[in-house]
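As a plain string of letters, each chain reads:
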Amino acid sequence: MKLATPITLPCGVTLRNRIAKSAMSENLAVKNLPGEKLCKLYETWGANSIGLIITGNVMVDGNELGEPNNVVLEDDSHLPEFRSWTSAAKKNGAAIWAQINHPGRQAPSAISRVTVAPSAVKLKLGNLAFRTPHALSETEIHDIIAKFGRTAALCKEAGFDGVQIHGAHGYLVSEFLSPLANVRTDRWGGSIENRMRFALEVLRAMRKAVGAKFPVGIKMNSADFQRGGFDEDDAIVVAQALEAEGVDMIEISGGSYEASAMTGAQEVLKSARDTKSLDATTGAQEVLKSALTSTAQREAYFLPFAERIRKSVKVPLMLTGGFRSAQAMNAAVESGAVDITGLARPLAMEPELARRLLSDSTARIELKPVKTGIAAVDRMGALEIGYYSLQLKRIGEGKKPDPHLSPLLALPLLGLNYTSGIISRMFR
Ligand SMILES: Cc1cc2nc3c(=O)[nH]c(=O)nc-3n(C[C@H](O)[C@H](O)[C@H](O)COP(=O)(O)O)c2cc1C
């Protein structure tokens, strides 16, 4: 089984197989530090043959959070807590990478003192939840790039085996890439060469901080799924530039808070129909439709994008989004389109799944749609996030995930920041 074969990254590090846990923000930190629950959760994942575990986003600045209980690593005062976390994950031979993130304009105002972004362009949802960001100055941009480097260096010290830039889903790095969020007219905005400068500078800062032999990856969008947004052609230019700059792996995803494609093309299409945000002329509509047609056989809804990017770069590609069976995962790797398969929600429902997928080529997992029956709520990508977060919390408490858990229980978790988003949608 190709899934079970090791892979060596450009930096020389080998991962023991092709199954990776993709980042899932756990929202389980205690005072923004890893504690018992995070250790238990990662020990459970690590005990089950998985090749690579990528953490949920680790923030570079405690004043800039995506969720209240994010992990923050900005100085060396709490390295022992981080070392307990990495040791728990690594006990049984898995590698653990930290996903490093800055929320940019997706920082809910309730939990952040200031909101910054490439430009003062507000998110088109949840008027109460997210403030209009302040457009970063040149000095502030350099300051944040340095913070990514600092966090990467600290991750290495804390025992992580690699780091990943969160360059997807509408957070700061992907905001710079997006022509909708980034309307700057200086060298950080405009052409794709300018828009990708921030991602490349972050990569350079992190590489400088960790050295040539330490894995540095990035998760990036194949597209933002919005009219006039970052598209597949942009993604190819960025992937080539990242490869030239020595990135070790590119994980492909898509979407943002405004168009939450990361958890399903079905939802994107539905929201596109609702918001008319997809531009048929970019071909995104067609690509999504074909992705949906083939989902039954191939599951992974960004696979058509991966196949295209594969033709332009040789760097190891990881594909995440929709994989549910050993058969589809093996086929994706065997086709050569991708090198590593990523799983998120399945590992929240069955943390031992990697072992089963590696030992049985017919293994699969079925996940029930997360629905409350309240249409406005069910449209929100955040509901899925809340629901699976509850499952992660259970695993962190030493319990089994509960497939019968009511999605309604996820609602309070969404908090003010998300509920105001829901309310604004209900009345749109
Ligand atoms: C609870 C939850 C939290 C997530 N947090 C992150 C995150 O911190 N960073 C990230 O890149 N993706 C995050 N994602 C997206 C997943 O990594 C993944 O791209 C998405 O769930 C699709 O993969 P799947 O079909 O295997 O679940 C999150 C998803 C869920 C369900």
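These figures come from a predicted structure and were not determined experimentally.

Colleague: What's the story with the overall build of the protein chain in this structure? I'm lost.
Modeller: Within the protein chain, the secondary structure is distributed over 16 helices and 13 strands. Across the 428 residues in the protein chain, those meeting the buried criterion constitute 56%. Taking contacts inside the protein chain between residues at least 6 apart in sequence as the whole, the part at least 24 apart equals 72%.

Colleague: Sorry if this is basic, but what is going on with the site of the ligand here?
Modeller: Lining the immediate environment of the ligand, one finds 26 residues, of which Ser-22, Ala-23, Ser-25, Ala-344 and Arg-345 sit closest. Among the elements of the structure, β4 (52-59), α12 (345-349) and α15 (381-396) are those that each provide at least two residues to the shell around the ligand. Class assignment of the residues belonging to the shell around the ligand gives a composition of ten nonpolar, 13 polar and three charged.

Colleague: Explain the packing of helix α1 (residues 36-46) against helix α2 (residues 79-90) to me, please; I cannot follow it from the model alone.
Modeller: Geometry of a packed helix pair, given as the angle between the helix axes and the separation of the axes. It is at 6 Å that the axes of α1 and α2 come closest, and there the two elements cross at 25°. In terms of their interaxial angle, α1 and α2 are classed as roughly parallel. For the pair α1 and α2, the crossing hand works out as right-handed. Each of Leu-38, Cys-39, Tyr-42, Glu-43, Trp-45 and Gly-46 in α1 lies in contact with α2, whose residues at this interface are Ser-84, Trp-85, Ala-88, Ala-89 and Lys-90.

Colleague: So what exactly am I meant to see when it comes to the nonpolar core here?
Modeller: Looking at soluble globular proteins, one finds that nonpolar side chains tend to be buried together. Core analysis: the biggest nonpolar cluster contains 121 residues, and Val-163, Val-202, Met-206, Ile-250, Ala-306 and Leu-319 have the highest contact counts within it. Apart from residues lying up to four places away in sequence, Leu-319 is in contact with Ile-252, Ala-300, Phe-302, Leu-303, Ala-306, Ala-332, Val-338, Thr-341 and Gly-342. Leu-123, Leu-125, Ala-129 and Phe-130 belong to the second-largest nonpolar core, a separate cluster that totals five residues.

Colleague: Quick question: what am I supposed to make of the packing of helix α3 (residues 138-157) against helix α6 (residues 197-210) here?
Modeller: The N-to-C vectors of α3 and α6 enclose an angle of 35°; their axes lie 8 Å apart at closest approach. In the packing of α3 onto α6, the handedness of the crossing is right-handed. Touching Ile-141, Ile-145, Ala-146, Phe-148, Gly-149, Arg-150, Ala-152, Ala-153 and Lys-156 of α3 are Phe-198, Glu-201, Val-202, Ala-205, Met-206, Lys-208, Ala-209 and Val-210, all from α6. The residue makeup of the contact of α3 with α6, split by class, is twelve nonpolar, one polar and four charged.

Colleague: What should I look at first to understand the environment of Gly-336 in this one?
Modeller: Mapped onto the secondary structure, Gly-336 falls in the loop between α11 (326-334) and β13 (340-343). Note: C-alpha distance between Gly-336 and Arg-310 (26 residues apart in sequence) is 8.1 Å.

Colleague: What is the right way to look at helix α7 (residues 232-244) in this model?
Modeller: In an α-helix, one turn spans 3.6 residues, which is why side chains three or four residues apart end up on the same side. In a regular helix each residue adds 1.5 Å, so 13 residues correspond to 18 Å; α7 covers 18 Å between its end C-alpha atoms and thus fits that length. When α7 is considered as a whole, its buried residues turn out to be Asp-234, Ala-235, Val-238, Ala-239 and Leu-242. With its buried residues spanning 135° around the axis, α7 presents them on a single face. Where the residues of α7 are buried, they touch α4 (172-177), α5 (192-195), α6, β10 (216-221), β11 (249-253) and α10 (303-310). In the segment just after α7, Gly-246 is the residue with positive phi, at about 90°.

Colleague: What is the right way to look at unusual backbone geometry in this model?
Modeller: Leaving glycine out, the prevailing phi sign among residues is negative, and the prevailing peptide bond configuration is trans. In this structure, Asn-32 takes a positive phi of about 65° despite not being glycine. For Asn-32, a count of 17 C-beta atoms within 10 Å gives the class partly exposed. Even without a glycine there, the phi angle at Ser-49 is positive, about 70°. Examined against the element boundaries, Ser-49 turns out to sit in the loop between α1 and β4.

Colleague: So what exactly am I meant to see when it comes to the environment of Lys-371 here?
Modeller: Take Lys-371: it is sitting in the loop between α13 (353-359) and α14 (375-378). The exposure class of Lys-371 is partly exposed, given the 13 C-beta atoms found within 10 Å. The residues touching Lys-371, leaving out its near neighbours within four places in the chain, are Asp-378 and Pro-407.

Colleague: Mind showing me how you'd approach the pairing of strand β6 (residues 95-101) here?
Modeller: On any regular strand, side chains alternate: one points to one face of the sheet, the next to the other face. Among the seven residues in β6, seven count as buried, and that is most of the element. Of the two faces of β6, the one carrying Ala-95, Trp-97, Gln-99 and Asn-101 and the one carrying Ile-96, Ala-98 and Ile-100 are both buried. In the sheet, β4 pairs with β6 via six bridges, with the strands oriented parallel. Directly across from Asn-57, in β6, lies its bridge partner Gln-99. In this structure, β6 lies alongside strand β9 (residues 162-167), joined through four bridges in parallel fashion. Within β9, the residue paired with Trp-97 across the bridge is Gly-162.

Colleague: Looking at this model, I keep getting lost on the pairing of β11. Mind explaining?
Modeller: The buried fraction of β11 is high, at five of five residues. Side chains Met-249, Glu-251 and Ser-253 of β11 all project onto a buried face; the interleaved residues Ile-250 and Ile-252 project onto the opposite face, where all are buried too. Here five bridges tie β10 to β11, and the two strands are oriented parallel to one another. Opposite Asn-221, over in β11, you have Ser-253 as the bridge partner. Note that the unit made of β10, α7 and β11 has a crossover that is right-handed. The sheet contact formed by β11 and strand β12 (residues 317-320) spans three bridges and is parallel. Across the sheet, Ile-252 pairs through a bridge with Leu-319, a residue of β12.

Colleague: Please clarify how α15 should be interpreted in this entry.
Modeller: Here α15 is 16 residues long and its end C-alpha atoms lie 23 Å apart, about the 22 Å a rise of 1.5 Å per residue gives. Judged by how many residues are buried, α15 sits mostly within the fold: 13 of 16 residues are covered.

The rules behind the values
- Residues numbered from 1 in each chain as written.
- Predicted model: local features only at pLDDT ≥ 70, side-chain atom pairs only at ≥ 80, totals over all residues.
- Helix = DSSP H or I, 4+ residues; strand = E, 2+ residues; numbered from the N terminus.
- Buried ≥ 20, exposed ≤ 12 C-beta atoms within 10 Å, placed from the backbone.
- Contact = placed C-beta atoms within 7 Å.
- Near = placed C-beta within 6 Å.
- Nonpolar A, V, L, I, M, F, W, Y, C, P; charged D, E, K, R; others polar.
- Axes fitted to C-alpha atoms, helices over the stretch in contact; angles between N-to-C directions.
- Parallel < 35°, antiparallel > 145°, perpendicular 65-115°, else oblique.
- Left-handed = near helix turned anticlockwise from the far one by under 90°.
- Core = buried A, V, L, I, M, F, W, Y, C linked by C-beta atoms within 7 Å.
- Expected span 1.5 Å × (residues − 1).
- Arc of directions from axis to C-beta.
- Pairing = 2+ DSSP bridges.
- Right-handed = clockwise from strand over helix to strand, strands pointing away.

Just geometry here; none of it tells us what the structure is for.
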